[in-house]
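Each chain is listed here by its residues.
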Amino acid sequence: MLRSSSLLRAARAWTSSCSASCSASSSSSSSSSSRGGARLFGAHVPGGPGDYDDVDAGTLAPTKKRTKRAVVVGGNGALGRAVVQRFLAREGWQVASVDFAESSARGVHSVVLSDAAGSDGGDGGGGARESLRAWASGGGVQGGVQAVVHAAGSWAGSAVDADDFAASLEHLWSANVRSAALAANLAGNLLAPGGMFTLTGAMAALDPAGTPGMAAYGMTKAATHHLLQSVAQGDGS
């Protein structure tokens, strides 16, 4: 089973609300769960009472802010940069970006994947896992990371009879599905109890009529939804 029961709870919450509030596009820069565009789903809101380590026994006031860590897969893209900045704006958060290029944000730990190796760095994500595990345990802070956010993806409009259909499918499978699989694997290995895991889906993939004008895109987003449903059922161990 997954090491964090909260990953399952967050996935179930996402699955139950997906038809009403899933993302319409993985390229949007919005990270709000109540606005249009790409939306993030999770069980914990940064900045809440659970963000504190110590409480004064007499007043119940927090006495020390806990250092928290977030991993953003696709942290150097349009959506990813916005998510990274959202975390950095919160006191006490440290952020790692996993992408094909180093993050331009100051103070962000970058895990750079190989362009030629695919969305998991060519080793099933093992190199990224080890780098992030070392980062998460730095400074004496133990217990893994508190958030893993999948913000990677791409889009292409390609019907099944298009000359570039196979090429589009290959590109989108790497950009959308393999990146989501990497994020799920990182969450399964690194997410601390009480943490948050999100994937970026698409409303189009839930349309009963399918996505005839962008079949390759719809296929990859349907696979992303299936991945999250599998995680919610405990199949991601």
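Placed above this text is the structure.
Residues numbered from 1 in each chain as written. Predicted model: local features only at pLDDT ≥ 70, side-chain atom pairs only at ≥ 80, totals over all residues. Heavy atoms only, no water.

**Student:** For this particular structure, what's the right way to read the nonpolar core?
**Tutor:** The tendency in soluble globular proteins is for nonpolar side chains to be buried side by side. With 23 residues, the main nonpolar core has Val71, Val98, Leu132, Val145, Val148, Leu186 and Phe197 as its most contacted residues. When contributions to this core are tallied by element, the ones reaching two or more residues are strand E3 (68-73), strand E4 (93-99), helix H3 (126-136), strand E6 (145-150), helix H4 (165-190) and strand E7 (191-198). Looking at which element gives the most residues to this core, the answer is H4, with 7 residues. Val72, Phe87, Val95 and Val149 belong to the second largest nonpolar core, which has 14 residues in total. (Core = buried A, V, L, I, M, F, W, Y, C linked by side-chain atoms within 4.5 Å. Buried < 20%, exposed > 50% of the residue type's maximum accessible area, 1.4 Å probe, protein only. Helix = DSSP H or I, 4+ residues; strand = E, 2+ residues; numbered from the N terminus.)

**Student:** In this structure, what is going on with the side chain of Asn176? I would like to understand it.
**Tutor:** You can see Asn176 is positioned in helix H4. In this structure Asn176 comes out as buried when scored by relative accessible area, which is 0%. Not counting residues up to four positions away in its chain, the partners in contact with Asn176 are His150, Gly153, Ser154, Tyr217, Thr220, Lys221 and Thr224. (Contact = heavy atoms within 4.5 Å.)

**Student:** Sorry, what's going on with the environment of Asn185 here?
**Tutor:** Here Asn185 lies in helix H4. Classification of Asn185 as partly exposed rests on a relative accessible area of 28%. Considering only alpha carbons, one finds Asn185 and Gly126, 59 residues apart in sequence, at a separation of 9.4 Å. In this structure the side chain of Asn185 is engaged in a polar contact, spanning 2.6 Å, whose partner is the side chain of Arg129. (Polar contact = N/O pair within 3.5 Å; in protein donor to acceptor, adjacent residues only side chain to side chain.)

**Student:** Hey, could you run me through the pattern of salt bridges in this one?
**Tutor:** Pairing of side chains with opposite charge becomes possible as their charged atoms draw close. One pass over the full model with this rule turns up 1 salt bridge. Between Arg133 and Glu130 there is a salt bridge, with the nearest N and O atoms lying 2.6 Å from each other. With Arg133 and Glu130 both in helix H3 and 3 residues apart, this pair spans about one turn of that helix. Overall, Arg133 belongs to the partly exposed group, its relative accessible area being 30%. Given a relative accessible area of 46%, Glu130 falls into the partly exposed group. (Salt bridge = Lys/Arg side-chain N within 4 Å of Asp/Glu carboxyl O.)

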